[in-house]
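This is what each chain is made of:
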Amino acid sequence: MQVKDLFVSAPGKAILHGEHAVVHGKVALAVSLNLRTYLWLKGTSAGNVCINLPNIDTFLCWDLSELKQLVPYSCAKREEVKRLDADLVRRLREFVGVTDGNLDTCNMATLTFLYIYLSVFGSGELPSLTLTVWSELPTGAGLGSSAAYSVCLSAALLCASGTIPAPLKEWDHTARWCQEDLERINSWAFQGEMIIHGNPSGVDNAVGTWGGMLRFLAGKIIPLSRVPLLRILLTNTKVPRSTKVLVARVKDQINKFPSIMNPVLDSVDAISCNCEKVLSEMTCEPITGEHYNILEELIDINQHHLNVMGVGHPSLDTLCRVTLTRGLHSKLTGAGGGGCGITLLRPETDSSVVQTTMQDMKDCGFDCWETSIGGAGVQQHSALSVKEEVLEILNRY
């Protein structure tokens, strides 16, 4: 079975508002980041399957005969996702050599690829191919890097198997799949996220699939059809944190001081709803300075609330203080306790201010990128539309 070459990409994600409050039934807004993961699938006749993940220094190859033994003959090609096949996961863990619960990034990425590859193609003819993935997203920073990887894998392998059509026409540079195909991609990507995270919310893979902004409330994910593209600085303080510990800390605060903390959660909910309203207005009427004033005020208020919840960190205080000296407004994004923060850039913010602020961040020992939020979800590319520097990296393998 010969498969056609294709390029796909998917965005990372950031939480704009609603961190931690979302765990307690409040609204959260998740947005796509214009930092993307790129995948190049090449059909080969080598009789093997190779995966190259240069971000995590992982380069693996298997003979097709090895992989065929992992799929029971009863396993038909699975076009629809029912639930995670625990038996296949167990056999893959044995095959990869992972028997305990402690999976490193390399093993998780490998298991996810093999699971989706073998499930999508089933016990039919397995194709010989090489798959190379390169990401602009840092791993383990709460920016949806694993979900972007799972979304890219799902889109590429579903296309290669003929389960969904490739949307790119000869004259296109980029193309998106139809709603039905996106739902299928998202379902498979969620399977990948379950392998990696155990019990994911589904937000990260949904953002990677649809892009733009999603409203998340009580387990229900609603993509918002139109949102403005906003420029931001994304800063990684590089301070490690445990989401599990931070979620437990907030819960303890709520149990200890319910009359204080519940109004804080209600306020965060109102911030998310106000932000959604402003962003919606910005897509259907002329954008004014007042829109940005409100967005900045909401960022400041939410950051104070997150500190009240106990998920701030001195590194994040530094980020907010330093950017404010440049007239810019910042908040943490994600779990807090270190990790990442976002800084809103107004349209009129001079490039010299942006460059100086980025240097300030680097002087603090942080990583900093200028990017945007609200961009496209998973898409197929022509080789011409892939960034030159990304294409150069993909071509090395």
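In what follows, the structure referred to is the one given above.
My aim in this report is to walk through the structure given alongside it, one point at a time. One numbering rule holds for all chains: residues counted from 1, following each sequence as written. Two thresholds apply to this predicted model, a pLDDT of at least 70 for residue-level local features and 80 or more for giving and counting side-chain atom pairs, whereas whole-chain, interface and lining totals are computed over all residues. Excluded from the side-chain calculation are hydrogens and water; included are all heavy atoms of the structure.

What follows deals with the overall build of the protein. Looking only at helices and strands, the protein has 12 helices and 13 strands in total. A globule of 397 residues ought to have a C-alpha radius of gyration of about 21 Å, and the protein, at 21 Å, matches this closely. Projecting the C-alpha coordinates of the protein onto the three principal axes gives extents of approximately 60 × 50 × 40 Å. Within the protein, buried positions represent 56% of all 397 residues. Every residue pair with non-hydrogen atoms within 4.5 Å of one another is taken to be in contact. By sequence separation, contacts in the protein at least 24 residues apart represent 76% of the contacts at least 6 residues apart. Only the protein chains shown count as cover for residues, with accessible areas throughout obtained via the Shrake-Rupley method and a probe of 1.4 Å. When the accessible surface of the protein is totalled, it reaches about 17000 Å², and 52% of it is carbon and sulfur. By the counting rule applied here, Lys and Arg register as positive and Asp and Glu as negative, while His and the ends of each chain are not counted. For charged residues, the charge sits on one atom: NZ in Lys, CZ in Arg, CG in Asp, CD in Glu. The distance from the centre of the 34 positive side-chain charges to the centre of the 41 negative ones in the protein is 4 Å. Comment: elements are numbered from the N terminus, with helices defined as DSSP H or I runs of at least four residues and strands as E runs of at least two. A radius of gyration in this sense is built from C-alpha atoms; the matching globule rule multiplies 2.2 Å by the number of residues raised to 0.38. Exposed residues in this analysis have more than 50% of their type's maximum accessible area, buried residues have under 20%, and partly exposed residues fall in between, with area computed by a 1.4 Å probe over protein chains only.

Mapping Asn 186 onto the fold places it in helix α5 (residues 179-197). According to the relative accessible area criterion, Asn 186 is buried, its value standing at 14%.

With that out of the way, let us pick up the pairing of strand β5 (residues 129-135). The buried count for β5 comes to 6 of 7 residues, which makes it a mostly enclosed element. The pairing criterion for strands is at least two bridges between them, as found by DSSP. Pairing of strand β2 (residues 28-43) with β5, which is carried by 7 bridges, proceeds in the antiparallel orientation. Looking at the pairing, Trp 40 lines up with Thr 132 of β5.

Once that is clear, we can look at helix α3 (residues 105-121). With 17 residues, α3 extends 24 Å from end C-alpha to end C-alpha; this agrees with the ideal 24 Å at 1.5 Å per step. Of all 17 residues in α3, 15 are buried; the element is thus mostly enclosed. Positioned one or two residues after α3, Gly 122 has a phi angle of 65 degrees, which is positive. Multiplying 1.5 Å by the helix residue count minus one yields the expected span of that helix.

Our focus in this paragraph is the state of the cysteines. What counts as a disulfide here is a pair of cysteine sulfur atoms lying within 2.5 Å. Here the structure, examined in full by the defined rule, presents 1 disulfide. A sulfur-sulfur distance of 1.9 Å marks the disulfide that ties Cys 50 to Cys 61. Of note, the bridge from Cys 50 to Cys 61 carries an S-S torsion of about 90 degrees and is right-handed in sense. Highlighted residues: Cys 50 in strand β3 (residues 48-53) and Cys 61 in strand β4 (residues 58-63), separated in sequence by 11 residues. Cysteine Cys 178 shares no disulfide, and the gap to the nearest cysteine sulfur, in Cys 159, comes to 11 Å. Cys 284 carries a free sulfur, and the closest cysteine sulfur to it, the one in Cys 275, is 14 Å from it.

Turning our eyes to something else, we now look at the packing of aromatic side chains. Stacked, edge-to-face and tilted are the three classes for Phe, Tyr and Trp ring pairs, Trp counted by its six-membered ring, which pair at centre distances within 6.5 Å; planes under 30 degrees apart are stacked, over 60 edge-to-face, the rest tilted. This structure, assessed with the given rule, holds 5 aromatic pairs. With 6.2 Å between their ring centres and 20 degrees between their planes, Trp 62 and Phe 113 make a pair best called stacked. Placement of Trp 62 in strand β4 and of Phe 113 in helix α3 is noted, with a sequence separation of 51 residues between them. Note on accessibility: Trp 62 and Phe 113 belong to one class, buried. Seen in terms of ring centroids, Tyr 117 and Phe 121 are 5.3 Å apart; in terms of plane orientation they differ by 50 degrees. Their pairing is tilted. One end of the pair, Tyr 117, and the other, Phe 121, are both in helix α3, 4 residues apart, so they sit about a helical turn from each other. On the basis of relative accessibility, which here comes to 0%, the residue Tyr 117 falls in the buried class. A network of ring pairs unites the aromatic residues Trp 62, Phe 113, Tyr 117 and Phe 121 as a single cluster.

Our next topic: the environment of Thr 357. Following the sequence through the fold, Thr 357 ends up in helix α11 (residues 351-363). Put simply, Thr 357 and Cys 368 are 11 residues apart on the chain and 9.1 Å apart in space, counted from C-alpha to C-alpha. Sequence-distant contacts of Thr 357, that is, excluding residues within four places in its chain, are made with Leu 233, Thr 323, Arg 326 and Leu 328.

The next thing to look at is the pairing of strand β8 (residues 220-224). Pairing geometry for strand β7 (residues 213-217) and β8, over 5 bridges, is antiparallel. Bridge pairing in β8 links Met 213 to Leu 224. Connecting β7 to the antiparallel partner β8 that follows it, the hairpin turn spans 2 residues, and Ala 218 within it adopts a positive phi of roughly 50 degrees.

A few words on the pattern of salt bridges. When a carboxyl oxygen of Asp or Glu lies within 4 Å of a side-chain nitrogen of Lys or Arg, that pair is called a salt bridge. Scanning all chains against the criterion turns up 15 salt bridges. When the shortest N-O distance is used, the salt bridge between Glu 94 and Arg 90 registers 3.2 Å. One end of the pair is Glu 94 and the other is Arg 90, both in helix α2 (residues 86-96) and 4 residues apart, which spans about a single turn. Each member of the salt-bridge network shares a partner with another, and the members are Asp 87, Arg 90, Arg 91 and Glu 94.

Attention now moves to unusual backbone geometry. A positive phi angle, near 50 degrees, is found at Ala 218, a position not held by glycine. Classification of Ala 218 by relative accessible area gives exposed; the value is 67%. Here Lys 238, not a glycine, exhibits a phi torsion of approximately 65 degrees, which is positive. With respect to the element layout, Lys 238 can be found in the loop between β9 (230-236) and α7 (243-256).

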